[in-house]
Amino acid sequence: SKAKLFDEKTDVKITFKDVAGLEGAKEEVQEIVEFLKNPEKYTTLGGKIPKGALLVGPPGTGKTLLAKAVAGEAKVPFFSLSGSDFVEMFVGVGASRVRDLFKQAKDKSPAIIFIDEIDAVGRARGKNNFSGSNDERENTLNQLLTEMDGFGTNTHVIVLAATNRADVLDKALMRAGRFDRQIYVDLPDIRERKEIFEVHLKPLKKVDGLDIDFLAKQTPGFSGADIANVCNEAALIAARNNKTAVDKQDFLDAVDRIVGGLEKKNKIVT
Ligand code: ATP
């Protein structure tokens, strides 16, 4: 049977309230939500709805979450795939799968297509990579550009793509009418970390009066994904110690554990 190319979700429950912080990015994608909800309103004077936007920022900062929230807010289907999946695919099918994806999204438009790790497929053409599948990658990239250029003004599909390496992307991707908008999704500051903690603490049984400012202060450099991890880990640590509520010490232990993990990861890279 054919390996699955992309994932399709028609009833996305995630909305902006699930995305903590990122006020600027949310404001920018709010416009995309408006376009998707009411495309005719925007095209009536001859304007063209943007086809794509690039979400740029470090890993785990909420790019996928934000893209899903756009679909959830606009109540449109969410088609997603990862650029790295393309690169691993059998030779000769990348381009045809891109075609399939766009056809399905167009059939269900208005819709969002989300491409995670677009740098895997969208690196500047003509540069070597080590997987030896450069032609295949370039064919896939070319097909992606062709599809985006081929959208008529009445195709209400918006392509969001995420990367943490905007610098390596082929400039052709950023040309007008393609991913001509860049939206920055940065690591959270202390105030944003507090908001992210609030989101991820909500489902936990915790002691009364837990000091969330303190937790935000203890986690400089943490991404949203790291904070989600801390909250989950703290709940597991508390449970292991037969507690009935997660307390401050459990969070500190969880932070230590995550910091340890991050240090190990960095050691492998450098
Ligand atoms: P990557 O570049 O690694 O794909 P990403 O930027 O797409 O990462 P997400 O996959 O969206 O990051 O984030 C992973 C998880 O971290 C989310 O599902 C969520 O639980 C949590 N998270 C990240 N950022 C936020 C945020 N701003 N608010 C709330 N939760 C967040």
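The structure presented is a predicted model; accordingly, all values stated were derived computationally and were not measured.

> Would you mind showing me how to read the packing of helix 1 (residues 23-37) against helix 3 (residues 63-74) here?
Each pair of packed helices can be described by the angle between their axes along with the distance between the axes. Orientation of helix 1 relative to helix 3, taken along the N-to-C sense of each, is 40°, at an axis distance of 9 Å. The two elements helix 1 and helix 3 meet at a crossing, and its hand is right-handed. Taking contact as the criterion, the partners of A25, K26, V29, I32, V33, L36 and K37 in helix 1 are, on helix 3, L66, V70, E73 and A74. Here the contact of helix 1 with helix 3 is composed, by residue class, of 8 nonpolar, no polar and 3 charged.

> Honestly, the pattern of salt bridges in this entry has me stumped. Any pointers?
Side-chain pairing between opposite charges can occur once the charged atoms of the two side chains come close. As enumerated under the stated definition, the model contains 14 salt bridges in all. Residue K103 pairs with D107 through a salt bridge whose shortest N-O separation is 3.0 Å. Within this pair, K103 and its partner D107 are both found in helix 5 (residues 94-107), separated by 4 residues, close to a single helical turn. Here K103 matches D107 in class, with each residue exposed. Connected through salt bridges with shared partners, the residues K243, D247 and D250 form a single ionic network.

> How should I be thinking about the packing of helix 8 (residues 190-201) against helix 10 (residues 224-240) in this particular structure?
Orientation of helix 8 relative to helix 10, taken along the N-to-C sense of each, is 45°, at an axis distance of 9 Å. As the angle between them shows, helix 8 and helix 10 are arranged oblique. The crossing of helix 8 and helix 10 is right-handed. For the pair formed by helix 8 and helix 10, the contact residues are R193, I196, F197, H200 and L201 on the first element and G224, I227, A228, V230 and C231 on the second. The class makeup of the residues in the contact of helix 8 with helix 10 is 7 nonpolar, 2 polar and 1 charged.

> Is there a simple way to explain the site of the ligand in this structure?
Taken together, 17 residues lie near the ligand, and A20, G60, K63, T64 and H200 sit nearest. Interatomic distance of 2.9 Å between a backbone N/O atom of A20 and a nitrogen atom of the ligand. Here an oxygen atom of the ligand and a backbone polar atom of A225 are 3.4 Å apart. Elements represented by at least two residues in the shell around the ligand include exactly helix 3, helix 8 and helix 10.

Calculation notes
- Residues numbered from 1 in each chain as written.
- Predicted model: local features only at pLDDT ≥ 70, side-chain atom pairs only at ≥ 80, totals over all residues.
- Heavy atoms only, no water.
- Axes fitted to C-alpha atoms, helices over the stretch in contact; angles between N-to-C directions.
- Helix = DSSP H or I, 4+ residues; strand = E, 2+ residues; numbered from the N terminus.
- Left-handed = near helix turned anticlockwise from the far one by under 90°.
- Contact = heavy atoms within 4.5 Å.
- Nonpolar A, V, L, I, M, F, W, Y, C, P; charged D, E, K, R; others polar.
- Salt bridge = Lys/Arg side-chain N within 4 Å of Asp/Glu carboxyl O.
- Buried < 20%, exposed > 50% of the residue type's maximum accessible area, 1.4 Å probe, protein only.
- Parallel < 35°, antiparallel > 145°, perpendicular 65-115°, else oblique.
- Near = heavy atom within 4 Å.
- Polar contact = N/O pair within 3.5 Å; in protein donor to acceptor, adjacent residues only side chain to side chain.

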